[in-house]
Amino acid sequence: MPSDDVAVRLRGVARTYRTPTGEVRALRDVTADLPGGVISAVIGPSGSGKSSLLRLIAGLDRPTGGSVQVRGIEIGRASSRVRRAARRSTVGYVFQRPSDNLVPHLDVAEHLRLASRGGRLTRNEMLDVAGGLGITHRLSHRSDELSGGEQQRAAVAQALASGASLILADEPTAELDSDSAEMVLRSIASLAARGVAFVLATHDPSVMAIADHRLELEHGAVVGTVPSGAQPTDHLDRPLRWPDRRPGGWWPDDEPVLGLVDIDKSYGAGGDTVRAVDGATLEGRSGEVIGLVGRSGSGKTTLLNIAAGWERPDGGTVQRPGGAAPRWSDVAVVPQHLGLMDELSVRENIEYPARLEGRLEERRELIDDLIDRLGLSPLQGRTPPETSLGEQQRTAVARAVVLGPTLIVADEPTAHQDAGWTRAVLRTLTDATLNGGCCVIATHDATVLGSIDRAVGMADGRLEPEAPGRTGR
C-alpha cells in the first residue's frame, strides 16, 4: 500500500498504565496500517485495548513504546503543541461517553460552530450535518437537555462538522437505537466516500458491516483483521450461589412488584417544555423480565428513574418495593452513567450494597460467582478508571444484583458489551429475577429481545401495548 494511502501507521506500539494497584498493559506490540479514505473498524472484547489505541492515535496519550504516525506526523513523540495542532486541523475525536464530548453551558448549534475550523460553518452546512443525524430540532438545546442517544448524535455531528481528514470514534453507536445508528452510519459512509478516513472502535455488527478494513485486538495485541469467530460461553454455565434463594413467584400473585399508573413527567418551562413521559402505565410481576424498547429520546430513562424513585412524576401513581425509601435489597439500579466509586476497587464496588446492609459474609460466594461470570476476576483489585467502560458496566450489573433485589431497573445494560458479554449480562439479570424479583431493561438492542419475557414499546413519552419482536424467554 503506498504511503500516501495510509492515514495511521502503527509499529510495535505498547501502552502501559501505572496505577496505585500496579501496571495495566493495555497494548502490546501493535503493528498495523490503517488506510486513508476508508472506514476502519477496531474490534475486540471490552478491555482489549480499543479505546487506548484511539487515544494514542488522537495524541491524547503517549505510547510507552513503539511508533504512532498520523498523516506522516510522529504523533507519539510530538510536543504537546504539535499534538494540539493535529487535533485542531487533522483529527476529530468522539469520546466513548457522549457527555464527555459536550460543554454543559453550550447548545448544540454553538458546539457545531466551535468545532468547525475557524467557526466558519454556515447555517445551511449546520442544518445539513444536524439533519443527517436527526437533531435539527435540538440545535438550540444544551447537552443536559438531550437524551443519551441525542448527546451521542450531537457528538458525532461535532466531529463531522470539524472538517478533519481523520475522524476517530469510540463506540459511536453504543447509545443509539437502530434508526439513530443508521443515520450516524449513513453520515459516516457519505464522508468516507469523499475521502475522510474513519477509525471506529466498536462491537456493533452494523458498524463492522460498513467497514472497509478491520483490526482485531485481544488482551492488547493484534490477533487478526477479521472477527475470530464465536466467543466462549463457559462463564454462563457456572451457576450463581444465591444464599437465600426464594421460590419463583414468592411475591403475592394479586400484587405487582412494580405498578406505574398514568405517569406524566415534563421538563422545562413555557414554549420549551418537553413532555418526557405522557400517561404511561406499566405493571411488572414477580419472575418477569420486561424490555422497554424505543428510540433515544423516547422517555425510557425518565420512566426508569421514576420507577426507581430517582425522580418524582408530575402526575400518576407509583408502586414499588420498599415504598418511598427503598433499600438496595428492594430496588437496585444499573444507570447509564453507572455511578461506580472511583476510589473503591471493582470488588469493593460490587460488595458495597452488602457491606451497607451488614450482609457481606453471607454474600461472599455469590460475589465470587458474579465476578467470575462477568469476566472481572483479573480486574477485581483495580479501580473503575483502570478498566474499560464495558468492564465498568458489568461491575455495575454485579453490584445491582448482589443482594437479590425485588426490583432491578437497568438502563441500556448491554450498550458497551460485545455479543458474548451481552449474553452474560442478560443471563445474570434473568437469574436475579428467578429469585422472585422483577427486572425492567431499557434498551434499543434487538438482541436483548430474545432473552426477555415481554417487550413494551415507547415513543414520544407514551407506552405502546407491545413492541415489534415480542418474544418469550
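Residues numbered from 1 in each chain as written. Predicted model: local features only at pLDDT ≥ 70, side-chain atom pairs only at ≥ 80, totals over all residues. Heavy atoms only, no water.

A. Spotlight on the overall build of the protein. The secondary structure content of the protein amounts to 13 helices and 19 strands. Its C-alpha atoms give the protein a radius of gyration of 23 Å, within 12% of the compact-globule value 23 Å for 473 residues. On the principal axes, the C-alpha backbone points of the protein span a range of 70 × 55 × 35 Å. By the burial criterion, 55% of the 473 residues in the protein qualify as buried. Across the protein, the fraction of contacts at a sequence separation of at least 24, relative to all contacts at a separation of at least 6, is 72%. A total of about 19,400 Å² of accessible surface is found on the protein, and carbon and sulfur atoms cover 49% of it. Positive and negative charge centroids in the protein, built from 54 and 62 side chains respectively, lie 6 Å apart. (Helix = DSSP H or I, 4+ residues; strand = E, 2+ residues; numbered from the N terminus. Rg over C-alpha atoms; globule rule 2.2 N^0.38 Å. Buried < 20%, exposed > 50% of the residue type's maximum accessible area, 1.4 Å probe, protein only. Contact = heavy atoms within 4.5 Å. Areas by Shrake-Rupley, 256 points an atom, 1.4 Å probe, with all protein chains shown as cover. Lys, Arg positive; Asp, Glu negative; His and termini not counted. Charge placed at Lys NZ, Arg CZ, Asp CG, Glu CD.)

B. The packing of helix α3 (residues 108-115) against helix α5 (residues 148-161), seen in detail. α5 packs onto α3 with a crossing angle of 30° between their chain directions and a minimal axis gap of 8 Å. With respect to α5, the element α3 is oriented roughly parallel. Along this stretch, α3 crosses α5, giving a crossing that reads as right-handed. Between α3 and α5, the residues in contact are Val108, His111, Leu112 and Ala115 and Ala154, Ala157, Gln158 and Ala161, respectively. (Axes fitted to C-alpha atoms, helices over the stretch in contact; angles between N-to-C directions. Parallel < 35°, antiparallel > 145°, perpendicular 65-115°, else oblique. Left-handed = near helix turned anticlockwise from the far one by under 90°.)

C. Spotlight on the environment of Asn124. Within the fold, Asn124 resides in helix α4 (residues 123-132). You can call Asn124 exposed: its relative accessible area is 61%. Sequence-wise, Asn124 and Ala276 are 152 residues apart; in three dimensions their C-alpha atoms are separated by 29 Å.

D. Structural detail: the packing of aromatic side chains. Enumeration according to the criterion identifies one aromatic pair in this entry. Over the face of the ring belonging to Tyr17 we find Arg15, whose NZ or CZ atom lies 4.3 Å from the ring centre. (Phe/Tyr/Trp six-rings, centres within 6.5 Å; stacked < 30°, edge-to-face > 60°. Lys NZ or Arg CZ within 6 Å of the ring centre and 35° of its normal.)

E. Layout of the sheet that holds strand β5 (residues 73-74). Read from one edge of the open sheet, four strands run β2-β1-β4-β5, paired in antiparallel fashion. Edge strands, defined here as strands with exactly one partner in the open sheet, are β2 (22-35) and β5. Its contacts with the sheet place helix α1 (residues 50-57) against β1 (6-19), β2 and β4 (65-70), and it is angled at close to 115° to β1. (Pairing = 2+ DSSP bridges.)

F. Spotlight on the sheet that holds strand β14 (residues 315-319). Read from one edge of the open sheet, three strands run β12-β11-β14, paired in antiparallel fashion. Each of the sheet's edge strands pairs with one partner strand only, and the pair in question is β12 (274-284) and β14. Strand-to-strand, the axes of this sheet are offset by a mean angle of 20°, without reference to chain direction. Inspection of the sheet shows strand β11 (residues 258-267) paired to β14 by four bridges, in the antiparallel sense. Looking across to β14, one finds that Leu260 is bridged to Val318. Docked against the sheet, helix α9 (residues 300-308) engages β11, β12 and β14, running at close to 125° with respect to β11.

G. A look at the packing of helix α12 (residues 389-401) against helix α13 (residues 419-433). Relative orientation of the contacting elements α12 and α13 amounts to 10°, with a least axis distance of 10 Å. Relative to α13, the element α12 is oriented roughly parallel. Taken together, the residues of α13 that come into contact with α12 (itself represented by Arg394, Val397 and Val401) are Trp421, Val425, Thr428, Leu429 and Ala432. For the contact of α12 with α13, the class distribution of residues is six nonpolar, one polar and one charged. (Nonpolar A, V, L, I, M, F, W, Y, C, P; charged D, E, K, R; others polar.)

H. Broad picture of the confidence of the model for the protein. Looking at the protein as a whole, its pLDDT mean stands at 85, while 90% of the residues score no less than 70. Mean pLDDT per element in the protein: helix α8 (residues 234-237) is the minimum at 58, and helix α10 (residues 346-356) is the maximum at 95. Low confidence marks residues 226-232, where pLDDT is under 50. Its contacts with residues over four positions away, or in another chain, come to 12 contacts. Confidence drops under a pLDDT of 50 for residues 467-473, and excluding neighbours within four residues, the segment shows 24 contacts in the predicted structure. (pLDDT = per-residue confidence, 0-100.)

I. Representation of the nonpolar core. Core analysis: the biggest nonpolar cluster contains 40 residues, and Ile350, Leu370, Leu374, Leu376, Val401, Leu429 and Ile441 have the highest contact counts within it. Going through the elements one at a time, β15 (331-334), α10, α11 (360-373), α12, β16 (407-411), α13 and β17 (438-443) are the ones with two or more residues in this core. Here Leu376 is in contact with Val346, Ile350, Ile371, Glu391, Arg394 and Thr395, once residues within four sequence places are set aside. With 39 residues, the next largest nonpolar core counts Val94, Met126, Leu176 and Phe198 among its residues. (Core = buried A, V, L, I, M, F, W, Y, C linked by side-chain atoms within 4.5 Å.)

J. Just the side chain of His203, in detail. Of note, His203 is situated in the loop between β8 (197-201) and α7 (205-210). You can call His203 buried: its relative accessible area is 17%. At 2.6 Å, the side chain of His203 forms a polar contact with the backbone oxygen of Gln417. Beyond its immediate chain neighbours, meaning those up to four positions away, His203 contacts Glu171, Met208, Thr414, Ala415, His416, Gln417 and Asp418. (Polar contact = N/O pair within 3.5 Å; in protein donor to acceptor, adjacent residues only side chain to side chain.)

K. Examining the pattern of salt bridges more closely. Under the defined criterion, the tally for this structure stands at 26 salt bridges. Taking the shortest distance from any N to any O, the salt bridge between Glu361 and Arg364 comes out at 2.9 Å. In this pair, Glu361 and Arg364 are both assigned in helix α11, three residues apart and thus about one turn of the helix distant. Here Arg364 falls in the partly exposed class, since its relative accessible area comes to 30%. Across the salt bridge formed by Glu362 and Arg363, the nearest N and O atoms sit 3.4 Å from each other. Look at Glu362 and you get partly exposed, because its relative accessible area is 40%. Salt bridges linked by common partners bring Arg347, Glu351, Arg355, Glu361, Arg364 and Asp368 together as one network. (Salt bridge = Lys/Arg side-chain N within 4 Å of Asp/Glu carboxyl O.)

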